[in-house]
There are 2 protein chains.
Amino acid sequence: MKDYKALIHQWMEDHREEGIRLLQRMVQAPSTQGNEAAAQAIVAEKLSEMGLEVEIWEPDGQELQKHPYFYSPRTEFKGSPNVVGVWKGTGGGRSIILNGHIDVVPEGDHEQWDHPPYSGKIIDGKMYGRGVTDMKGGNVSLLLAIESLVQLGIKLKGDVIFQSVVEEESGGAGTLAAVLKGYKADAALIPEPTHMRIFPKQQGSMWFRIWVKGRSAHGGTRYEGVSAIEKGMKVVEHIRALEEERNRRITDPLYKNTPIPIPINIGVMEGGNWPSSVPDLVKLEGRMGVAPEEKMEDAKREMEEWLKMLGRLDPWFEEHPPVLEWFGARWVPGSIDLEHELMNTLVNQYRSVLGQEPVIEASPWGTDGGLLTQVGETPSIVFGPGVTEMAHYPNEYIELDKVFEAAEIIALTLIHWCGAESVGRN
Amino acid sequence: MKDYKALIHQWMEDHREEGIRLLQRMVQAPSTQGNEAAAQAIVAEKLSEMGLEVEIWEPDGQELQKHPYFYSPRTEFKGSPNVVGVWKGTGGGRSIILNGHIDVVPEGDHEQWDHPPYSGKIIDGKMYGRGVTDMKGGNVSLLLAIESLVQLGIKLKGDVIFQSVVEEESGGAGTLAAVLKGYKADAALIPEPTHMRIFPKQQGSMWFRIWVKGRSAHGGTRYEGVSAIEKGMKVVEHIRALEEERNRRITDPLYKNTPIPIPINIGVMEGGNWPSSVPDLVKLEGRMGVAPEEKMEDAKREMEEWLKMLGRLDPWFEEHPPVLEWFGARWVPGSIDLEHELMNTLVNQYRSVLGQEPVIEASPWGTDGGLLTQVGETPSIVFGPGVTEMAHYPNEYIELDKVFEAAEIIALTLIHWCGAESVGRN
């Protein structure tokens with residue numbers, strides 16, 4: 001096994017400039033929602049060059065929206081293709097999906113960037129740009145891992161299915177489309193920016209909106225009205241109690257360092273429109289975390305039942321129950337068995353390449369791993385080189401060394417997971 | 001005295017149709033802010049007809065805004081004249097200001113009105129329309145009171161100064177302009193819609209805005225942030241405690257039937273803009289009631305000091321103190337001595353005309369009486385025929401009988417307050 005490690009390490013050293021140049025080209029193709037085609041063309045070209053069987057298609061929004069797990073602000077994906085490259089194995093090995101999203105969140109205010117957001121500028125070993133960490137850096141790790149094996153003439157027994165999907169940032173319609181096309185494997189690896197931590201479990205989440213009613217009155221006689229703001233505050237406190245209740249049940253050691261494993265965040269509170277009127281309506285919007293092994297439907301039901309208890313705390317809610325809506329984005333939770341062979345393999349290769357123990361945690365956010373796990377029946381691990389804290393922020397960057405370290409670990413993982421024709425030979 | 005009462009009552013009976021027609025014409029001239037000229041022309045014509053000395057002028061916004069009590073969303077009053085009519089007394093009597101505002105609040109959504117909002121339609125003794133209760137009905141009571149005395153040949157000793165002002169609904173710039181022009185009297189009467197209750201004291205109010213800070217974070221790791229919504233809720237609760245504290249001090253028997261004499265209303269709460277982000281800023285807007293005898297500056301200072309105590313309750317506020325702003329409208333509190341002779345006179349004439357005891361209370365809202373009291377040194381009573389609950393609402397109406405009852409009471413009050421040349425004669 002040592003020889004593979006040395007071979008691959010050397011290959012990475014030899015192809016460092018090309019790898020960096022590939023990442024830079026991908027960052028310089030801004031792939032915000034609706035504008036993914038140019039970046040996908042670079043990926044497709046690379047896959048063809050390596051000899052993979054490439055499929056490119058625009059997801060069919062009309063079909064997708066019939067699926068219960070579909071969410072996207074759009075149903076038309078013209079100009080937003082998925083790209084999949086299949087490296088067929090020689091047979092008898094385990095298959096793997098390597099999944100990364102090509103879409104990036106908008107760069108926001110350019111004033112907040114020290115360099116133009118799509119420059120791909122390199123300073124002190126870090127490349128800067130929107131999407132470099134979330135998650136084009138991870139995608140390049142995958143491409144380098146495959147390319148190293150191809151160029152070194154290593155033949156895998158199991159299939160490697162590389163997926164460059166759209167729409168992860170908006171709810172996962174790209175991965176859902178790939179799953180519904182029939183792509184499946186024995187396990188999956190997603191190099192989202194974990195900063196080299198291994199996440200065998202991913203928290204899901206759903207957005208909710210709650211309308212809280214009051215009764216209007218003039219502020220000078222506010223006692224004649226009922227303040228929707230005061231009632232809304234009670235609802236917020238009630239939800240805080242639900243969060244405590246739900247987190248009390250989480251005993252998973254992967255969460256031992258997480259103060260609130262599955263938070264319920266109240267992100268928006270808006271009510272009233274006139275200083276001297278008693279507000280009669282408040283809108284709350286938030287995000288409910290869903291435990292990795294929890295069903296979203298169960299979490300929804302728990303929130304619904306919990307809100308019904310408000311009537312016992314305050315008779316106002318008996319007659320004016322808050323109205324709960326599930327809206328907008330949601331990310332399906334995902335997980336893999338901690339004893340799953342892909343976990344063992346990845347952890348071992350991590351140790352082997354970096355000479356230290358990996359940090360293994362549960363993610364505080366969702367990824368497309370949830371859809372792969374729950375819809376695609378493909379258990380998923382999330383592990384990638386990107387800097388977690390920089391995702392979605394101005395001056396997003398990645399440490400280039402990590403891209404190559406991840407590529408080495410992934411290449412070795414592929415050999416051990418899929419099996420290699422020549423494993424015994426060296 | 002009986003004869004005056006009978007004479008005036010008869011005069012009102014005889015001029016009922018003309019009075020109603022006058023009110024209807026005034027309602028049919030929509031006098032929202034900036035559009036007061038047509039309604040004021042009707043008033044000015046009426047005053048001239050009765051033989052009063054009429055002054056018409058557009059307030060000088062440039063001059064007015066130098067005054068500490070000026071508030072208006074505008075500083076240009078072109079097309080928005082004040083109208084004052086002076087009925088000079090024969091000498092030796094007490095003077096009075098009769099003040100009413102001509103501006104009306106916008107009619108809002110026409111769909112919510114059963115009849116067009118400026119129809120002045122009459123059904124079952126009630127006239128409907130925007131401004132009919134707040135406060136053109138009261139203004140017509142004043143005009144009928146003066147006209148009855150003029151036509152009956154009764155000569156008053158003291159001056160009667162009738163003021164039809166703009167801008168009451170936006171902060172009182174019209175009355176302030178009249179005060180600054182030098183109009184002053186021994187007392188004032190304002191027929192705002194009290195539904196025939198007598199308000200010797202009027203609550204003032206001020207608008208405030210509080211910015212509460214938090215620290216942003218992703219909702220999945222919300223424990224890394226500080227929710228401005230949760231901190232905002234603490235501020236709301238702290239203000240509720242201030243309201244309790246301030247109202248504990250109110251022992252005035254005029255407030256004995258008022259659950260919260262000087263409320264602090266939180267009318268607006270707005271924070272956050274993304275369900276899965278921890279909100280980093282919340283805006284609160286509200287109205288602080290000011291006691292009739294309280295100085296607005298003292299009330300402001302109390303709020304400012306109170307907010308400073310937040311740091312002791314939660315160290316977050318120590319480093320991130322909420323920012324308090326006084327903005328927008330404010331209404332100066334007003335009052336008259338309960339033993340003031342105009343109070344005695346009004347109460348007596350009320351009893352005499354209606355054969356029952358008047359309800360005497362403190363108002364839960366401000367009027368231009370505050371400016372007359374505090375800037376114009378003219379103590380003021382608020383008493384009028386309009387239906388309090390309908391002010392500012394769709395389907396605003398007034399009971400026409402009340403307009404004439406108020407007119408009778410006011411006419412007799414003028415005789416007794418200003419003195420009449422012929423009082424002894426009958």
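Here the structure is a predicted model, which means the values were calculated and not measured.

## Focus on the sheet that holds strand β10 (residues 264-271) of chain A
Piece 1. Spatially, the eight strands line up as an open sheet ordered β12(A)-β9(A)-β11(A)-β10(A)-β10(B)-β11(B)-β9(B)-β12(B), and their pairing is antiparallel. Two strands bound the open sheet, and with one partner strand each, they are β12 (323-331) of chain A together with β12 (323-331) of chain B. Looking at each pair of strands side by side, their axes are set apart by 25° on average, direction ignored.
Piece 2. The pairing of β10(A) with strand β10 (residues 264-271) of chain B spans three bridges and is antiparallel. Counterpart to A:G271 in the pairing with β10(B) is B:M269.
Piece 3. Packing against the sheet, helix α8 (residues 296-308) of chain A makes contact with β9 (204-213), β11 (281-290) and β12 of chain A, and its axis sits at approximately 155° to β12(A).
Piece 4. Taken strand by strand, helix α7 (residues 228-248) of chain B contacts β10 of chain A together with β9 (204-213), β10 and β11 (281-290) of chain B, and its axis lies near 175° from that of β10(B).

## Considerations on helix α3 (residues 37-49) of chain A
Residues and elements named next belong to chain A.
Piece 1. A rise of 1.5 Å per residue sets the reference length of α3, with its 13 residues, at 18 Å; its end C-alpha atoms lie 18 Å apart and thus fit the reference within 8%.
Piece 2. Along α3, the residues that are buried comprise A39, Q40, I42, V43, A44, K46 and L47.
Piece 3. Looking at the buried positions of α3, the neighbouring elements they touch are α2 (16-27), β1 (53-57), β2 (82-87), α5 (132-151) and β6 (160-165).
Piece 4. Looking one or two residues beyond α3, the residue adopting positive phi is G51, at roughly 90°.

## Here we look at the UniProt feature "domain: Peptidase M20 dimerisation" (unreviewed entry) in chain A
Piece 1. The positions that UniProt labels "domain: Peptidase M20 dimerisation" (unreviewed entry) are, in the present scheme, residues 202-308 of chain A.
Piece 2. Secondary structure over residues 202-308 of chain A splits into 32% helix and 27% strand, and the C-alpha atoms at its two ends are 29 Å apart.

## Some words on the packing of aromatic side chains
Piece 1. By the definition in use, this model includes 16 aromatic pairs over all chains.
Piece 2. Considering the side-chain rings of A:W207 and A:F327, the 5.8 Å spacing of their centres and the 45° angle between planes classify their relative orientation as tilted. A residue pair is termed long-range when its members are at least 10 positions apart, and A:W207 in strand β9 and A:F327 in strand β12 qualify at 120 residues. In terms of burial, A:W207 and A:F327 fall into one category: buried.
Piece 3. Here the aromatic rings of B:Y128 and B:Y397 are separated by 5.6 Å at their centres, their planes lie at 50°, and the arrangement is tilted. Note that B:Y128 is positioned in strand β5 (residues 126-128) and B:Y397 in strand β16 (residues 397-399), a separation of 269 residues in sequence. B:Y397 shares its class with B:Y128; the two are buried.

Cut-offs and rules
Residues numbered from 1 in each chain as written. Chains lettered and ligands numbered in written order. Predicted model: local features only at pLDDT ≥ 70, side-chain atom pairs only at ≥ 80, totals over all residues. Heavy atoms only, no water. Pairing = 2+ DSSP bridges. Helix = DSSP H or I, 4+ residues; strand = E, 2+ residues; numbered from the N terminus. Axes fitted to C-alpha atoms, helices over the stretch in contact; angles between N-to-C directions. Contact = heavy atoms within 4.5 Å. Expected span 1.5 Å × (residues − 1). Buried < 20%, exposed > 50% of the residue type's maximum accessible area, 1.4 Å probe, protein only. UniProt positions renumbered as here; feature names shortened; annotations may be inferred. Phe/Tyr/Trp six-rings, centres within 6.5 Å; stacked < 30°, edge-to-face > 60°.

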